[in-house]
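What follows is the residue order along each chain.
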Amino acid sequence: MTFDFTEEQLTVREAAREFARNHLLHDAIARDTESRFPEKQVKQMGELGFMGMMTSPEYLGGGMDTLSYVIAMEEISKIDASAGVIMSVNNSLVCWGLEKYGNADQKEKFLKPLASGATLGAFCLSEPEAGSDATSQKTTAVRNGDHYVVNGTKNWITNGGTANTYLVIAQTDPEKGHHGISAFILEKGMEGFTVGKKEDKLGIRSSDTHSLMFSEVSVPVENRIGEEGFGFKFAMETLNGGRIGIAAQALGIACGAYELALAYSKERRAFGKPICEHQAIQFKLADMATKIEAARLLVYKAACQKDQGGDYAHASAMAKLYASEIAMEVTIEAVQIHGGYGYVKEYHVERLLRDAKITQIYEGTSEIQKIVISRNLLR
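So, here's what we can say about the structure. Just so we're clear, the structure is a prediction, and the values are computed from it rather than from any experiment.

**A look at the overall build of the protein**
Thinking step 1. Within the protein one finds eleven helices and ten strands.
Thinking step 2. The C-alpha atoms of the protein give 21 Å as radius of gyration, which agrees with the globular expectation for 379 residues (21 Å, within 12%).
Thinking step 3. Projected onto the principal axes, the alpha-carbon positions of the protein cover approximately 80 × 45 × 40 Å.
Thinking step 4. With 379 residues in all, the protein has 56% of them scored as buried.
Thinking step 5. Taking all contacts inside the protein whose residues are at least 6 apart in sequence as the whole, residues at least 24 apart take part in 74%.

Okay, structure coming up:
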């Protein structure tokens, strides 16, 4: 298997790299410290086409393949994983889910502004008692004529306070278990829809994470995605693609930390020579580079399998599992190579270390990925 990038993919990589370095890097530390959403940069990402990369041009998207999206995600996340996850949710979960399973009216009304970057989306599955267990939805949607009445709480919602469009998974028939789960499109400003406090997080602090509360929210029937009972399949299919985006984010975090450590090792001197000339540091760098390359191959393979139309659930789970573990390992080593300087904000690697941890948690924990992988191996 070879990955000879097309001219378009090389252009995407360079555009993402330049944007990250010129527009994200300068205030990344300040935004992390202040837990400040990158509003201006997200708008620019939309203008550059990064918010709807895989969406068809018919719906104002870029019409690109998954590999192009992964390449861009890696470059953005090298500099700022918060911007990376904002981009990932809008692309992998919201735009993809709507284009794949939404009807013509839903695509016209919601997908076009999302893919063009005019609006921002959020994917609402996790709940206080149903994080990785998507079958145990407590949020309910009860049919009442031409609308549904939605009640419940969602938490850990990326873009929770800044999104305009929310894809919400809710229980419509509890007696049917996961076959009674449905998916709905909710809009900010609906009566009874409240955004909770912003979470004060360990990492990806510049992204916007909130709890959402629904109290007697009236949602038109035309805002249901697919038929009643389709919600669980919708969520699982969408998350399979979302894992590729998070794997690319983890890859970018690892690569960003490695590049900083490599550059620092050439500048920092100890015992009369640059520390990169000490074998102990050389071994660390060699291990980091090898692990990153292995993770990159898994991520690219998953992206290619998705583009080829095959079953990519297994590949995306492997990519997400390994890339997230490597992100943790590499960022820890990057801090170690920096020594005391790695422990302070100025050198960025401590931020990348904190950002890396979340990649092992969202889109399903590492343990969930192992369950997905093992089920594919044993079936």
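**Re the pairing of strand β3 (residues 147-158)**
Successive side chains on a regular strand alternate, one facing one side of the sheet and the next facing the other.
Thinking step 1. Two strands pair when backbone bridges link them, and strand β2 (residues 140-144) and β3 are joined in this way by five bridges, in the antiparallel orientation. Of the residues in β3, the one forming a bridge with T140 is N151.
Thinking step 2. As defined by bridge partners, β3 adjoins strand β7 (residues 209-220) across nine bridges and the pair is classed as antiparallel. The residue bridging I157 from the neighbouring strand is H210, located in β7.

**What about the pattern of salt bridges?**
It is possible for side chains bearing opposite charge to pair when their charged atoms get close.
Thinking step 1. Tallying each qualifying case throughout the model produces 25 salt bridges.
Thinking step 2. For E350, the salt bridge goes to K345, with nearest N and O atoms at 3.9 Å.
Thinking step 3. Look at E350 and you get buried, because its relative accessible area is 13%.
Thinking step 4. A relative accessible area of 37% means that K345 is categorised as partly exposed.
Thinking step 5. In this structure, a network of salt bridges that share partners links the residues D27, R31, E34, R36 and D80.

**Re helix α10 (residues 349-358)**
Thinking step 1. In terms of burial, α10 is largely enclosed, as seven of its ten residues are buried.
Thinking step 2. Listed as buried for α10 are V349, E350, R351, L352, R354, D355 and A356.
Thinking step 3. Residues of α10 that are buried sit in contact with α2 (28-34), α4 (66-79), α5 (81-101), α7 (231-267) and α9 (313-338).

**Comments concerning the packing of aromatic side chains**
Given two aromatic rings, one states the distance between the centres and the angle between the planes to describe the pair.
Thinking step 1. Overall, the coordinates contain 13 aromatic pairs when judged by the stated rule.
Thinking step 2. Geometrically, the ring pair formed by W96 and Y101 is edge-to-face, given 6.1 Å between the ring centres and 80° between the ring planes.
Thinking step 3. Of the residues examined, W96 reaches a relative accessible area of 15% and is grouped as buried.
Thinking step 4. A connected cluster of aromatic rings, assembled from ring pairs, spans W96, Y101, F123, F230 and F234.

**A look at unusual backbone geometry**
Most peptide bonds are trans, and most residues other than glycine sit at a negative phi.
Thinking step 1. Although it is not a glycine, W156 adopts a positive phi angle of roughly 60°.
Thinking step 2. By the element assignment, W156 lies in strand β3.
Thinking step 3. Phi is positive for H348, which is not a glycine, with a value near 70°.
Thinking step 4. Looking at the element boundaries, H348 is found in the loop between α9 and α10.

**A look at helix α6 (residues 104-116)**
Thinking step 1. Taking 1.5 Å per residue as the helical rise, α6 with its 13 residues ought to reach 18 Å, and the 17 Å between its terminal C-alpha atoms agrees with that figure.
Thinking step 2. Its axis deflected by about 40° at F110, α6 carries its strongest bend there, up to four residues before the proline P113.
Thinking step 3. Buried within α6 are the following residues: Q106, K107, F110, L111, L114 and A115.
Thinking step 4. Residue N103 occupies the N-cap position of α6, its side-chain oxygen lying 3.2 Å from the main-chain nitrogen of D105.
Thinking step 5. G117 occupies a position one or two residues after α6 and carries a positive phi of about 90°.

**Focus on the side chain of E75**
Thinking step 1. Locating E75 in the fold gives a position in helix α4.
Thinking step 2. Relative accessible area serves as the criterion here: at 5%, E75 is assigned to the buried category.
Thinking step 3. In terms of polar contacts, E75 uses its side chain to reach the side chain of R17, at 3.1 Å.
Thinking step 4. Setting aside its immediate chain neighbours within four residues, E75 contacts R13, A16, R17 and A20.

**Digging into a nonpolar patch on the surface**
Thinking step 1. Together, Y341, Y343 and V344 give the surface a local cluster of nonpolar side chains, amounting to about 370 Å² of exposed area.
Thinking step 2. Judged by relative accessible area, V344 falls into the partly exposed class, the value being 38%.

Definitions and limits used
Counting starts from 1 at the beginning of each chain's written sequence and moves along it residue by residue. Given that the model is predicted, a residue must reach a pLDDT of at least 70 before its local features are reported, and side-chain atom pairs must reach 80 or more before they are shown or counted; all residues, however, enter totals for whole chains, interfaces and linings. Neither water nor hydrogens contribute to the side-chain values; these are computed over all heavy atoms in the structure. The secondary structure listing takes helices from DSSP runs of H or I that are at least 4 residues long and strands from runs of E that are at least 2 residues long, numbered from the N terminus. Radius of gyration: C-alpha atoms only; globule rule: 2.2 Å multiplied by the number of residues to the exponent 0.38. Accessibility here uses a 1.4 Å probe with only protein chains present; expressed as a share of the type maximum, an area under 20% marks a residue as buried, one over 50% as exposed, and anything in between as partly exposed. Here, residues are in contact when the closest pair of their heavy atoms is within 4.5 Å. By this definition, two strands are paired if DSSP reports at least two bridges between them. Take a side-chain nitrogen of Lys or Arg and a carboxyl oxygen of Asp or Glu: if they are within 4 Å of each other, that pair is a salt bridge. In summary, the pairing rule links any two rings of Phe, Tyr or Trp, Trp by its six-membered ring, whose centres are within 6.5 Å, and it sorts them by plane angle into stacked for under 30 degrees, edge-to-face for over 60 and tilted for everything else. Expected helix span is given by 1.5 Å per residue-to-residue step, counting one fewer step than there are residues. What is called the bend at a residue is the angle between a pair of axes, fitted to the seven residues leading up to and ending at it and to the seven starting from it. In protein, a polar contact requires one atom able to donate a hydrogen and another able to accept it; more generally it is a pair of N or O atoms within 3.5 Å, and residues adjacent in sequence count only if both atoms are side-chain atoms. Think of a patch as exposed residues, more than 30% relative accessible area, with no salt bridge, where like charges cluster within 9 Å and nonpolar side chains (Val, Leu, Ile, Met, Phe, Trp, Tyr) cluster within 5 Å. Note on areas: Shrake-Rupley with a 1.4 Å probe; residue coverage comes only from the protein chains shown.

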